Amino acid sequence: NKCSRLSRDTKRRMSLEVAHYVVTAYPPGGVLCATKCNFLDPSIESLVIAKSQRLEFRSITKHDTESSSHLVLSLPINGRITNLVPIKLPQMETSLLFFMTETFHYAVIGSAPSRTPYPVQTLASGHVHPSLLGQRAEGAPRIAYHPHVMAMHLYDGFLTLVPIHASSYRVIWDHETKKGEGRLSSSQQQLMGEPYHLRIEETHLLDLKFVENSYSYTSEKDSQQISLLYQDARGSQHVVVYTLRNRQLSLCWKKQRLDGASCKLLSLPPPTSAVAATTSAMKDETKQQETGSLVVLGQRQITHLIPGKPSKVIALPQSLILSSCRLNEGSFLLGDEFGQLHVLTITSQDMSLDTLGSSVLASALVFLHPNFIFCGSQLGDSQLLQLTGDPSPAISAAKEESNNSALTLLQEYTNLGPILDMDWVETTPQQHSVVTASGSSVSGSLRLVRNGIGMKEFASVELPGIQQMFNLRANYQDWHDTYLVQSYVTETRILGVVTANSNDEEDVEDDVMKDAEEEEGATLEEVILPGLDPTSLSLYVGNVEQGNLVLQITPRQVLLIDVVGGRGCVSTWDSDTDIVVAAANEAGQVVVALRGGILMYLQISRGGQEIKLLGKRRLASEVSCLNVNPFATKISTAEALTTMEAEGRHSAESSSNVAVGLWDDFTVRVLKLDTELNQILEIHLSTDEEGESETGAAEHVLTAAPAVRRNRNNMMARSLCLVTLDSTTTNNSNQNGSVASPSAGGIDMLFVGLGDGTLISFSVITRDNGMISVQSKKEVSLGTQRIQLVPLETERGGTCVLATGDRPTVIYLAGGGGGTRHAYTPKLCYSNVNVSSPNPSSEEEGDLEPQQLTERSIAVNVATPFVSPQLFEDSSSTNNKSNNSSSKRYSLCVSDDAVLRLGVIDDIQKLHVTTCRLGMAPRRVVHYERLFCVGCIESGITASSDDETNMGNCVRFLDDATLDDVERIDMEPHEMILSMAGVELATSSLDSSSSDATLTMTKAFLVVGTAYVLPDEDEPTSGRILIFSSSIDPHHDASRQEVKLVTELQVRGGVYSICQFYDGLLLVTVNSKTRVCQLTSEGSSHRIEFLGVGHHGHILSLMVKSRAQQQAPEAQLDTTQSNKMDDATPTKKKKKSTVVKEEEQLAIVGDLMRSISLVQYYPDHKALEEVARDFHSNWTTAVEMLTDSLYLGAENWNNLYVLRRNAKATNEEIKCRLDTVGQYHLGESVNKFISGSLTMAQASSASPVSISSGGGITRRGSPSKMSSKESSTATSSPSLRVRRPVVKIGSQTLFATVDGTLGSILGLDARTAAFFTTMERAMAKHVTTVGNLSHDEFRTFSAERRIHPAQGFVDGDLVESFLDMDRNTMQIIVQAMNRDGGWEIEQHDPNKKLANEDDGADLGSSNSHHQQQQQLLTVEDVVAMVEEMTMFH
């Protein structure tokens, strides 16, 4: 019927990608500019850093002898920041901050802690329009600040000035917060006036500064002097000083023909003697006021310009000054192009230049009191340095190249940028890492970025059958664990940390884990604890504070053991019925569940001599799990750390409640720990989708399988965890840049682990009357096996939870919505745990070389924390001799079905970066056959045989496990590496056994494309295609690779791009041509040659991509194959095949100026022809094939665009045109796209996954509505049924930018796109942005004169910032979405910024009689949808 036809047609259309979700996976690290000011607090100096589209505020903290900076606040800016200027007003205790973006939008912001969602207020904002000002000036905007005016050079021939009305600003005191907050007076609308423009003759401006004078800061009517450093048409530099009065410029003085290739200006105040005479000068206005002087920085000398006096010059080692900052009134800090830091000291008599030492190539320098220096870099890792010595003279230091440095490195900040290339690295069969070619010059490096958390394995032993594990301290006051208790089905065994010299004469049964031995000779050996029952299964073992005893719970009794005093068992409590579940804490509270649903509450007496029964209750069902962990005291981490160091281990906290999971009723109960064990909360875990009407179920089946679990028994709670999470775990590694959590003491959470691998979490709210409630329910699938929840914590602060299973995961807090604790929405992050252990082959050889580390995913059945500095070198601070040495990392023991492992996990963060310093600039990187192949440029310039300078190029091969150099192959003089690719090529040779057949073999090769760059050529006319292979070196062990050149091909031009093509062929671009290459073999030799006719007609073919490697498994790079050519599997192939392949062999070519073209290869004719192209002029920087008909491109104006092929069009004119279906301004320049994702595929029974025809992933998330019995949750009325869309993901693409950003682009179907587009529209309208910068204007596609509103893309960064907002703001956004109605595909308007959705109205009309009158989203629905999206990147 018609309805069925519409449903089938709608289902087919919705399987296509209609929009793309763009989100940041790893934030930018390149520092564009930096400054310091008292922005947040008058007494605290904040370091302000601009990184692409984010503002970071950091403060310097000191702990013991270590100093570091930690992130205090991070703000998103709708624009790429180019300038930062602090503004200090006399009536304000805190400073204001002026910033400008690359589109010439500017704003002034101030601190406002009470505001949401961002604790800042915008005092002024504006935009300098380019309509009448002509050509834009080269480079970033140049800005000079004066207390009454801001001068900018934005356009050639013009000086833009913005008045500052400081008198219009006043302070309002907030009596509640006891802080002053700035407000504008009613007489003035803005702190800054309207900009005006003055024409100047100097067009090529290099720098500008206001000249400091003695009393120009007193009134807005006073004149100001502004100095301009410019370059004329002949290349000479000059300085001119103008007087600014009444919006007019008049020439004051001029200095012509400066030497030394001048590039920067510095301004000095007047001498002290001149300032002392200002009072008399102010009384007599006819006297000329004293002005300051100027310092001009050049490449060869520094010039001091004093008005009316001779100039002073000092020699400078030839270098370009990149950055500078003021140390004090008469000295400056300078950073040059070689990474040297100098101090320029200027007095009235002399100038001196001293060298401090080496640092990163600094694009921004900031001096922080008392002796810290922040070096921000765009080309490497930024650094925090400390002045610890005396500088040396610059000239002598340059000649002697002394290593003596007055600088000490305190902290480094990872910066992946600029990323020039990247490639996938298979970490595990289910998960991949990415390797990037980052940095430039001496800062060049390889960065290995992996998702999840790595566990460094220190020891492992085969111990099958472990049911539970517990950690024990020898004494309650100890900081470290001594015993590891293992519970088996019929026994309990103990491993103890024993030093080698303490048990030399003892006969130990099992001596295991000798490889964990440290300098002190500590090992983990089996021991016996007198009094502990070794013949029974242990349900719980742990320390208790009362009497410094150990508590053991077996199925028949509860025991108290004195380990320290050696008295054995001192007290017991026997049970008449078997104990099935038990839980306890260090405060001596014990809760046991007996058969029949009987719950017993026991308490250990203060002296530890007696176990008292305090409460008893019979429940309706059997108990499945218990947890009696207390919530942490709400104090800050710093206060807790101080108390810990002063008083030792804190006293154990008692719990007021116990969490109980029951069988057969799918609930979790919270009981009061009293004599009655009264129930204070009941939480239902069942989902509403199970009880939906047939109408709702029929509608959902259009996009995903029904959200019904495989087994209802799996829905029951199998593990519980009451814990207080805090964000100190990720304080110094906040990758997403969210605002810090407002709750310094952490957030109380309840985690519920189900039997099918699903984790449900709630935030717990404790009322003043002792009652509790839960809110912010979140459900996520972590695997398919039962989950055990293990809390992990360190004494240095930081708490997280480990969820065991087939995919062990660490759950931690990464911020969340602000406001009061009752309105707080926690933002949880989930990171998989991978184990890295030494390669067994390297251990057997016994080499002294570094062992190869292999990383793999494992299943974990049981786990427990285990802190021991004698076993884990990384588990504590270096000062292990002190009893108060506090652990910085999480160490633990995990066990699967057969193996027990001990290890330390990484810092808690979503992505981890491993750095390999190269000392040279990498251009290309490929992971090939267990090797990292890097095409590099030598940092130095060498002289060739013809006396011409040449920058040498080479290919370096590094071991992918140890990152050691394996081999290096140098290129010829003037030869530059342009492209590299790891491909599988098919080689054909005649089969001797059959005259009409050929023998075809495939093998992985490394292909390098080069060009000869000669000084007298504008475009390369020659180059080479080099084919390398890797094999086992016969003179070394099996882990050593040998690389050799197989063959090469001389070409007429530069080989700009290489990619895998179909049938084992190779696709290359040579200048403006695109050619297909084939590898043939003649005996033992190989030859690479062009095949058939290529395609011509591009201006410059910079890149080529095909889906051959993505679609055909036989064409993928397989590192498990043998390294020998002879071992490849041969297949016989007829010379003349009559089988016609239906699959089109397509590729896209990215041209320098002509956007993207689609080419097709016809094997029968051996011809490559263009079938469609984009007729827009896009200067392409990166391309990728999303599907066979969707193509993604990036261009040099920092925009993204998506093209669609009209393959089924009947009109040839339409068929040969690629239509633009997506346009989006990213704000960063993209250098590389690769298909794939850093995250594992999400799959479980609880969250059905279906793979669409395009390879997409569909996943059902958490229930949209909770049970009406769950009165404590913050949901809507049960009468409102919500049918939110299913999150469905199509193509997944990773991109890398110049600023060091790694981002993900996810294809969305119509329903998902409609939801997030509506959400993006609501947030852009109702969320106040920083600086009042428009989100729609920021994301508008803008390229030269082409301006188009964004379409076909969703701003994932904006959408996911929803999780960081307070509850009230969330509700406002959800209400706006409900009013809009576009989140439902049936009600979605295709004109609302979503392309290709013309079927929504038909579906809505056909199912209108099934719709309920009220369909409203709730905050929980939107949070669940957004959190599902965060799991995909």
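On a predicted model such as this, the values are computed, not experimentally measured, just so you know.

In terms of helices and strands, the protein chain carries 15 helices and 97 strands. Buried residues in the protein chain amount to 59% of all 1433 residues. Sequence-distant contacts, at least 24 apart, represent 62% of the contacts inside the protein chain between residues at least 6 apart. With an accessible surface of roughly 58,300 Å², the protein chain has 47% of that area assigned to carbon and sulfur atoms.

Moving on, we get to the environment of Thr243. Examined against the element boundaries, Thr243 turns out to sit in strand E18 (residues 237–245). You can call Thr243 buried: its relative accessible area is 16%. Once you skip the residues sitting within four places of it in the chain, Thr243 turns out to touch Ser223, Gln224, Gln225, Gln248, Leu249, Ser250 and Cys252.

The four strands lie next to each other as E46-E47-E48-E49, forming an open sheet whose pairing is antiparallel. Of all strands in the sheet, those with a lone pairing partner are strand E46 (579–584) and strand E49 (611–618), marking the two edges. Between one strand axis and the next, the sheet turns by 20° as a mean value, whatever way the strands run. Inspection of the sheet shows E46 paired to strand E47 (residues 589–594) by five bridges, in the antiparallel sense. Its bridge partner lying in E47, Ala584 is registered against Val590.

The strands making up a sheet are joined through hydrogen bonds of the backbone, oriented either antiparallel or parallel. Taken together, the four strands give an open sheet; going across it, the order is E54-E55-E56-E57, and neighbouring strands pair in antiparallel fashion. Where the open sheet ends on each side, the last strands, each with one partner, are strand E54 (717–725) and strand E57 (772–781). Averaged over all pairs of adjacent strands, the angle between their axes in this sheet comes to 20°, without regard to strand direction. Pairing analysis gives five bridges linking strand E55 (residues 747–754) to strand E56 (residues 758–766), with the strands arranged antiparallel. In the sheet register, Gly753 faces E56, and the bridge partner there is Leu759.

The element strand E17 (residues 224–231) is extensively covered by neighbouring structure, given that seven of its eight residues are classed as buried. Pairing analysis gives six bridges linking strand E16 (residues 205–211) to E17, with the strands arranged antiparallel. Opposite Phe210, over in E17, you have Ile226 as the bridge partner. Sheet analysis places E17 next to E18, joined by eight bridges and oriented antiparallel. Bridge pairing in E18 links Gln224 to Leu244. Counted along the chain from E17 to the antiparallel partner E18, the turn is five residues long, and its residue Gly235 has a positive phi close to 90°.

Right, let's talk about the packing of helix H10 (residues 1310–1326) against helix H13 (residues 1367–1380) for a bit. Packing of H10 against H13 leaves a shortest axis separation of 9 Å and a crossing angle of 125°. Our classification of the angle between H10 and H13 gives oblique. Judged by the twist between their axes, the crossing of H10 over H13 is right-handed. On H13, the residues that touch Phe1315, Thr1318, Met1319, Arg1321, Ala1322, Met1323 and His1326 of H10 are Ile1372, Ile1373, Ala1376, Met1377, Arg1379 and Asp1380. Residues belonging to the contact of H10 with H13 are distributed by class as follows: eight nonpolar, two polar and three charged.

Now for the pattern of salt bridges. On inspection of all chains with the given rule, the structure shows 33 salt bridges. The shortest N-O distance in the salt bridge between Asp1188 and Arg1107 comes to 3.4 Å. One end of the pair, Asp1188, is in the loop between strand E86 (1180–1185) and strand E87 (1190–1195); the other, Arg1107, is in the loop between strand E81 (1101–1106) and helix H8 (1108–1111), with 81 residues separating them in the sequence. Note on Asp1188: relative accessible area 34%, which makes it partly exposed. Sharing partners across several salt bridges, the network here consists of Asp381, Glu412, Arg447 and Arg917.

Tracing the backbone shows Thr94 in the loop between strand E6 (81–87) and strand E7 (96–101). For Thr94, the contacting residues outside a window of four places in its chain are Asn38, Phe39, Leu40, Asp41, Pro42 and Lys88.

Moving on: H10. With 17 residues, H10 extends 24 Å between its outermost C-alpha atoms, agreeing within 8% with the 24 Å of an ideal straight helix rising 1.5 Å per residue. Of all 17 residues making up H10, 13 are buried, and the element is well covered by its neighbours.

Most of the time, phi is negative for any residue but glycine, and the peptide bond is trans. Look at the link from Thr116 to Pro117: it is a cis peptide, with omega at 0°. Mapped onto the fold, Pro117 is located in the loop between strand E8 (105–111) and strand E9 (120–127). Look at the link from His369 to Pro370: it is a cis peptide, with omega at 5°. Along the chain, the position of Pro370 falls in the loop between strand E28 (364–368) and strand E29 (372–376). Here the phi dihedral of Asn1198 falls at roughly 65°; this positive angle occurs in a residue that is not glycine. Given a relative accessible area of 12%, Asn1198 falls into the buried group.

Analysis parameters
Residues numbered from 1 in each chain as written. Predicted model: local features only at pLDDT ≥ 70, side-chain atom pairs only at ≥ 80, totals over all residues. Heavy atoms only, no water. Helix = DSSP H or I, 4+ residues; strand = E, 2+ residues; numbered from the N terminus. Buried < 20%, exposed > 50% of the residue type's maximum accessible area, 1.4 Å probe, protein only. Contact = heavy atoms within 4.5 Å. Areas by Shrake-Rupley, 256 points an atom, 1.4 Å probe, with all protein chains shown as cover. Pairing = 2+ DSSP bridges. Axes fitted to C-alpha atoms, helices over the stretch in contact; angles between N-to-C directions. Parallel < 35°, antiparallel > 145°, perpendicular 65-115°, else oblique. Left-handed = near helix turned anticlockwise from the far one by under 90°. Nonpolar A, V, L, I, M, F, W, Y, C, P; charged D, E, K, R; others polar. Salt bridge = Lys/Arg side-chain N within 4 Å of Asp/Glu carboxyl O. Expected span 1.5 Å × (residues − 1).

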